[in-house]
Amino acid sequence: ITERKHAEARVEHLAYYDDLTELANRRLLHDRLQQEIAVARRHGVHGALLFIDLDQFKHLNDALGHPVGDELLRQVAARLKDMVRAEDTVARLGGDEFVLMLPAQNKDLAHVGFEAQAVAEKVRSLLSRSYNLNGHQYHVTASIGIVLFPENDEDADDVLKHADSALYRAKEEGRNTVRFYQPSMQAAASTRLMLEKDLREALELESFTLHYQPQVDIEGRVSGAEALIRWQHPERGMVPPNQFIPVAEDTGLILEIGNWVLRSAVQQIREWQRRKTCTGSCRVAVNVSPRQFHQTNFVDQVLGICEEEGVAPECVELEITESMVMSNIGETIEKMEALRARGIRFAIDDFGTGYSSLSYLKRLPLDMLKIDRSFVRDVVSDPNDAAIVDTIIAMTSHLGLGVIAEGVETREQLDFLRERGCTHFQGFYYSPPVPAEELDSLIQAGRLRSARD
Ligand code: C2E
Ligand code: CA
Ligand code: CA
């Protein structure tokens, strides 16, 4: 019986795996892709298929003989197998055609596209390293077509066909290239690549600046300011942070940018203290992005900057988001406690848009909740928004936290919020984010309106 089982297993293996490389074959890929498409449709998520083809393989194969060609294919397969995650599928369709399937896990098509692009670039550079064949070094490059699925009602055959036509474009456009099937994805990917390149340059040339938006208490006094990054691009003009922060986050550039923001904000605090614009207790809020916060040495970085610049940690408030906390609550609490023990304050930004429950908010060493501006916008006219704002304010008083409403644009919003017990405000009603010097003169001229006017 064992022998028969063995034989059966062998037959099954032959039916689903490629003999030469031991990778999945076309049939297995087709099955898995079909399944993946169904799952993706059910859950409203997207996956990606990378169609990989070696450039000029035929020449090499003819010139060196097929045994050497086979050895090259085996080495390519081994490299691919080494780099993928367990949940990815690598297949060989025959010849020098390989497929890498990234399972559908994310609802955000643009994000899936960007990840696929990053993986494709990694594959491209991995495969272009030299190969040792029969004691000689050889180089080959690869072209890659990417298709995201599902788009409409296509099946596995359609997806493979689309990946093939994307690959064809990559070959046409000079080989050693990555191309998307979806034109919109291609455009997004090129914009992102360009942004990434420009961001690196901006960091080197220090073409970022910080603007500051005052935060005002119920008496109309400026109680602090939020630092917001601005990027003056040489050709595009002012690029809003919502456009480049996500790219910086994806590429890891956010680590350097975040560090720059923190240091500049702390230097500005020192300057304000020197000029007596503010008393010793002046406070600047700095946005911290997830990747920055999750660095192992984040605590030391923050404290190090305060120490080096000679500014008390009490003057720095870090704005974090609910989702950031949720992703690893143990680590988050540890870091927050370490920083808070030294005086750093914490606010939860965009509060109300995430999934925080009262029970775990209680566990966080927090100082402040910032009511997201989407609730403030219609708070006067929309009873749902008003109810949410009420709940958040009640929560803060229950937890002994401060509360600030962001995006306050009108007197009506301000009055409404004040009536409900909100104590701090930020928004165009008082001032948009402005350069540091302008905030100075606003404060000195006493030109910020008081909530009691
Ligand atoms: P955020 O932290 O929620 O920042 C508040 C945003 O609301 C700012 O947009 C600000 O200009 C805008 N705003 C302020 N008052 C009003 C108002 O009355 N009405 C309206 N409609 N908007 C108002 P900004 O500067 O474009 O920043 C957008 C986002 O980019 C920020 O949202 C933040 O998430 C991110 N960001 C900005 N600077 C940094 C930074 O230095 N580091 C990181 N990680 N993220 C940053
Ligand atoms: Ca913020
Ligand atoms: Ca916010």
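Residues numbered from 1 in each chain as written. Chains lettered and ligands numbered in written order. Predicted model: local features only at pLDDT ≥ 70, side-chain atom pairs only at ≥ 80, totals over all residues. Heavy atoms only, no water.

*Asks:* Give a detailed account of the packing of helix H7 (residues 183-205) against helix H8 (residues 241-251), specifying residues and quantitative values.
*Replies:* It is at 10 Å that the axes of H7 and H8 come closest, and there the two elements cross at 85 degrees. In terms of orientation, H7 lies roughly perpendicular with respect to H8. Side by side, H7 and H8 meet where Arg 192, Leu 195, Glu 196 and Leu 199 of the first sit next to Gln 243, Phe 244, Pro 246, Val 247, Ala 248, Asp 250 and Thr 251 of the second. Here the residues of the contact of H7 with H8 sort into 6 nonpolar, 2 polar and 3 charged. (Axes fitted to C-alpha atoms, helices over the stretch in contact; angles between N-to-C directions. Helix = DSSP H or I, 4+ residues; strand = E, 2+ residues; numbered from the N terminus. Parallel < 35°, antiparallel > 145°, perpendicular 65-115°, else oblique. Contact = heavy atoms within 4.5 Å. Nonpolar A, V, L, I, M, F, W, Y, C, P; charged D, E, K, R; others polar.)

*Asks:* Lay out the coordination of the calcium ion (ligand 2) in plain terms, naming residues and giving numbers.
*Replies:* Listed as protein donors to the calcium ion (ligand 2) are Glu 226 (OE), Asn 287 (OD1), Glu 319 (OE) and Asp 349 (OD); their distances from the metal cover 2.1 to 2.3 Å. The motif formed by the donor residues of the calcium ion (ligand 2), counted along the single chain, is E-x60-N-x31-E-x29-D. The distance between the calcium ion (ligand 2) and the calcium ion (ligand 3) comes to 3.8 Å, with Asp 349 serving as a donor to both metals. Taken together, the residues span a long stretch of sequence, with Glu 226 in strand E9 (residues 222-233) and Glu 319 in strand E12 (residues 316-321) at a distance of 93 residues. (Donors = N, O, S within 2.8 Å, 3.2 Å for Na, K, Ca; no water.)

*Asks:* Any details on the pairing of strand E2 (residues 89-94)? Residues and values, ideally.
*Replies:* For E2, the buried fraction is high: 5 of the 6 residues fall into the buried class. Two successive antiparallel strands, E2 and strand E3 (residues 97-106), enclose a turn made up of 2 residues, where Gly 95 displays a positive phi of approximately 55 degrees. (Buried < 20%, exposed > 50% of the residue type's maximum accessible area, 1.4 Å probe, protein only. Pairing = 2+ DSSP bridges.)

*Asks:* Tell me about the coordination of the calcium ion (ligand 3), residues and numbers included.
*Replies:* Within the protein, Asp 349 (OD), Asp 350 (OD), Glu 406 (OE) and Glu 406 (OE) serve as the donor atoms for the calcium ion (ligand 3), at 2.2 to 2.6 Å. Site description for the calcium ion (ligand 3): donor spacing in sequence, D-D-x55-E. Owing to a relative accessible area of 25%, Asp 350 belongs among the partly exposed residues under this scheme.

*Asks:* Hey, could you go over the side chain of Asp 367 for me, with residue numbers and the actual values?
*Replies:* Topologically, Asp 367 is positioned in the loop between helix H14 (358-361) and strand E14 (368-371). Side-chain polar atoms of Asp 367 contact the backbone nitrogen of Phe 346, separated by 2.8 Å. With sequence-adjacent residues up to four places away left out, Asp 367 is seen in contact with Arg 340, Ile 344, Arg 345, Phe 346, Leu 401 and Gly 402. (Polar contact = N/O pair within 3.5 Å; in protein donor to acceptor, adjacent residues only side chain to side chain.)

*Asks:* Please provide a residue-by-residue account of the pattern of salt bridges, values included.
*Replies:* What the rule picks out here adds up to 33 salt bridges. Among the ionic pairs, Lys 171 bridges to Asp 53, the shortest N-O distance being 2.7 Å. Here the residue Lys 171 occupies a position in helix H6 (residues 156-172), and Asp 53 occupies one in strand E1 (residues 46-54), the gap between them amounting to 118 residues. For the pair Lys 171 and Asp 53, one class covers both residues: buried. (Salt bridge = Lys/Arg side-chain N within 4 Å of Asp/Glu carboxyl O.)

*Asks:* Outline the site of ligand 1, supporting the account with residue identities and numerical values.
*Replies:* Ligand 1 sits among 21 residues. The nearest are Gln 213, Arg 230, Asp 349, Glu 409 and Phe 428. Contact between ligand 1 and Phe 428: an oxygen atom at 2.8 Å from a main-chain N or O atom of the residue. For ligand 1, whose free accessible area comes to 800 Å², the fraction covered by protein is 84%. Using a 2 Å cut-off from the grid points, one finds that ligand 1 occupies the largest pocket. For the shell around ligand 1, the leading source of residues is E9, giving 4 residues. (Near = heavy atom within 4 Å. Areas by Shrake-Rupley, 256 points an atom, 1.4 Å probe, with all protein chains shown as cover. 1 Å grid on protein atoms, 1.4 Å probe; cavity = no way out; pocket = protein on both sides within 12 Å on 5 of 7 lines; lining within 4 Å. Sits in = over half its atoms within 2 Å of the grid points.)

*Asks:* Which residues make up the nonpolar core, and what values do they have?
*Replies:* In this structure, Phe 208, Tyr 212 and Leu 318 are the most contacted members of the largest nonpolar core, which totals 82 residues. Of all the elements, helix H9 (residues 254-274) adds the most residues to this core, at 9 residues. Counting 37 residues, the second-largest nonpolar core is a separate cluster that includes Ile 52, Leu 72, Leu 102 and Phe 180. (Core = buried A, V, L, I, M, F, W, Y, C linked by side-chain atoms within 4.5 Å.)

*Asks:* Which residues make up the packing of helix H2 (residues 26-43) against H6, and what values go with them?
*Replies:* The contact between H2 and H6 brings their axes to 9 Å, and the two run at 105 degrees. As judged from the angle between their axes, H2 and H6 are roughly perpendicular. Contact with H2, carried on its side by Leu 29, His 30, Leu 33, Gln 34 and Ile 37, involves Ala 156, Asp 157, Val 159 and Leu 160 of H6 and no other residues of that element. Counted by class, the contact of H2 with H6 contains 6 nonpolar, 2 polar and 1 charged residues.

*Asks:* An account of the sheet that holds strand E7 (residues 178-180) is requested, with residue identities and associated values reported.
*Replies:* In space, the 5 strands of this open sheet follow the order E2-E3-E1-E6-E7, with mixed pairing throughout. The sheet terminates laterally at E2 and E7, the two strands that pair on one side only. Here the average twist between neighbouring strands, direction ignored, is 20 degrees. Here E2 runs beside E3; their pairing, made up of 5 bridges, is antiparallel. Bridging from a neighbouring strand, Thr 89 pairs with Met 101 of E3.

*Asks:* An account of helix H18 (residues 436-444) is requested, with residue identities and associated values reported.
*Replies:* Among the residues of H18, Ala 436, Leu 439, Asp 440 and Leu 442 are the ones counted as buried. Along the long axis of H18, the arc covered by the buried residues comes to 165 degrees, so they all point the same way. The outward face of H18, more than 90 degrees from its buried face, is lined by the exposed residues Glu 437 and Gln 444. Elements that come into contact with the buried residues of H18 comprise strand E8 (208-217), E9, H9 and strand E17 (434-435). Phi turns positive one or two residues past the end of H18, at Gly 446, with a value near 60 degrees. (Arc of directions from axis to C-beta.)

*Asks:* Just give me the short version of the state of the cysteines, but keep the residues and values in it.
*Replies:* Applying the stated rule across the entire model yields 0 disulfides. Cys 315 supplies the cysteine sulfur nearest to Cys 306, a cysteine that is in no disulfide, at a spacing of 8.2 Å. (Disulfide = S-S within 2.5 Å.)

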